[in-house]
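Spelled out from the first residue to the last, the chains are:
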Amino acid sequence: DTEVTQTPKHLVMGMTNKKSLKCEQHMGHRAMYWYKQKAKKPPELMFVYSYEKLSINESVPSRFSPECPNSSLLNLHLHALQPEDSALYLCASSRRREGHEQYFGPGTRLTVT
Amino acid sequence: GNSVTQMEGPVTLSEEAFLTINCTYTATGYPSLFWYVQYPGEGLQLLLKATKADDKGSNKGFEATYRKETTSFHLEKGSVQVSDSAVYFCALSDPGGTSYGKLTFGQGTILTVHP
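Here we summarise the structure given alongside this text. (Residues numbered from 1 in each chain as written. Chains lettered and ligands numbered in written order. Predicted model: local features only at pLDDT ≥ 70, side-chain atom pairs only at ≥ 80, totals over all residues. Heavy atoms only, no water.)

**Quick notes on the pairing of strand E6 (residues 44-50) of chain B**
Residues and elements named next belong to chain B.
Move 1: With 6 bridges joining them, strand E5 (residues 32-38) and E6 adopt antiparallel strand pairing. Across the sheet, Gln38 pairs through a bridge with Leu44, a residue of E6.
Move 2: Hairpin connection, E5 to E6: the antiparallel pair is bridged by 5 residues, and Gly41 has positive phi, about 75°. (Pairing = 2+ DSSP bridges. Helix = DSSP H or I, 4+ residues; strand = E, 2+ residues; numbered from the N terminus.)

What follows is the structure in structure tokens.
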């Protein structure tokens with residue numbers, strides 16, 4: 001089983017709202033990732049967790065706040081977003097951080113109004 | 001730093017045609033190489049991988065060979081189907097240096113296959 005699940009599938013939020021994206025995997029992977037993808041572009045890395053600790057933050061604005069409650073779950077908390085934050089948010093996991101293939105979830109389509 | 005260059009798209013083919021999507025890379029270490037496919041409205045799916053020079057990755061009729069001498073990882077399929085219409089991303093993961101564990105993606109190639 002190489003499945004990564006993400007909820008919700010679609011999310012519309014106002015600029016003053018607070019919402020969260022959720023990602024889950026049960027493959028025993030110890031590295032988890034958040035990416036942002038704009039239309040017709042490759043995914044852009046936002047955060048990397050390795051063994052439940054944040055190991056990479058790609059200078060993401062503080063209105064995005066990641067959390068890794070345990071080895072299977074990854075959340076992305078959203079607050080005071082801007083319309084330009086509208087995108088597809090992808091979660092991925094890999095066995096370890098170093099050089100292994102990453103498995104992606106289906107994504108959450110976020111629209112900020 | 002690391003980089004991946006894919007052939008410009010979009011690519012439009014008729015069903016049963018031969019497909020090649022070129023991919024070349026620059027890396028500081030000894031990267032693993034991947035092809036991912038993204039169907040409309042979906043996330044990325046790992047299509048195939050190769051972890052060392054001369055390895056051939058294959059899946060669902062697609063193949064790519066890790067060529068260290070030409071720093072290339074071209075994707076090929078002998079006979080495409082309408083269902084292969086998607087965006088294809090070449091990517092590398094370099095276990096060394098400052099890019100430790102990160103995936104570097106090419107810009108993506110849009111493939112459209114007509115009946």
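**A short note on the interface of chain A and chain B**
Move 1: Taken together, the 23 residues of chain A in the interface contact 19 residues of chain B.
Move 2: Carbon and sulfur atoms supply 56% of the area that chain A and chain B bury against each other, a total of about 1700 Å² over both sides.
Move 3: Here chain A and chain B share 2 salt bridges between them.
Move 4: The partner of A:Glu58 in a salt bridge is B:Lys102, and the shortest N-O contact between them spans 3.0 Å.
Move 5: At the boundary of chain A with chain B, the tally comes to 5 residue pairs in polar contact (both at pLDDT 80 or more).
Move 6: Take the side of chain A that touches chain B: its biggest share by element is 3 residues, from strand E4 (residues 31-37) of chain A. (Contact = heavy atoms within 4.5 Å. Buried area = accessible area lost by both parts, 1.4 Å probe. Salt bridge = Lys/Arg side-chain N within 4 Å of Asp/Glu carboxyl O. Polar contact = N/O pair within 3.5 Å; in protein donor to acceptor, adjacent residues only side chain to side chain.)

**Structural notes on the packing of aromatic side chains**
Move 1: Scanning the entire structure with this criterion turns up 11 aromatic pairs over all chains.
Move 2: Taking the centre distance of 5.4 Å and the plane angle of 85° together, the rings of A:Phe104 and B:Tyr36 count as edge-to-face. Linking A:Phe104 in strand E10 (residues 103-104) with B:Tyr36 in strand E5, this pair reaches from one chain into another. Accessibility assignment for this pair places A:Phe104 and B:Tyr36 in one class, buried.
Move 3: Arranged with centres 6.1 Å apart and planes meeting at 80°, the rings of B:Tyr25 and B:Tyr66 form a pair that is edge-to-face. With B:Tyr25 in strand E4 (residues 23-26) and B:Tyr66 in the loop between strand E8 (62-65) and strand E9 (75-77), the pair connects residues that are 41 residues apart, well separated along the chain. Accessibility assignment for this pair places B:Tyr25 and B:Tyr66 in one class, buried.
Move 4: In this structure an aromatic cluster arises from ring pairing among A:Tyr33, A:Tyr35, A:Phe104, B:Phe34, B:Tyr36, B:Phe89 and B:Phe105. (Phe/Tyr/Trp six-rings, centres within 6.5 Å; stacked < 30°, edge-to-face > 60°. Buried < 20%, exposed > 50% of the residue type's maximum accessible area, 1.4 Å probe, protein only.)

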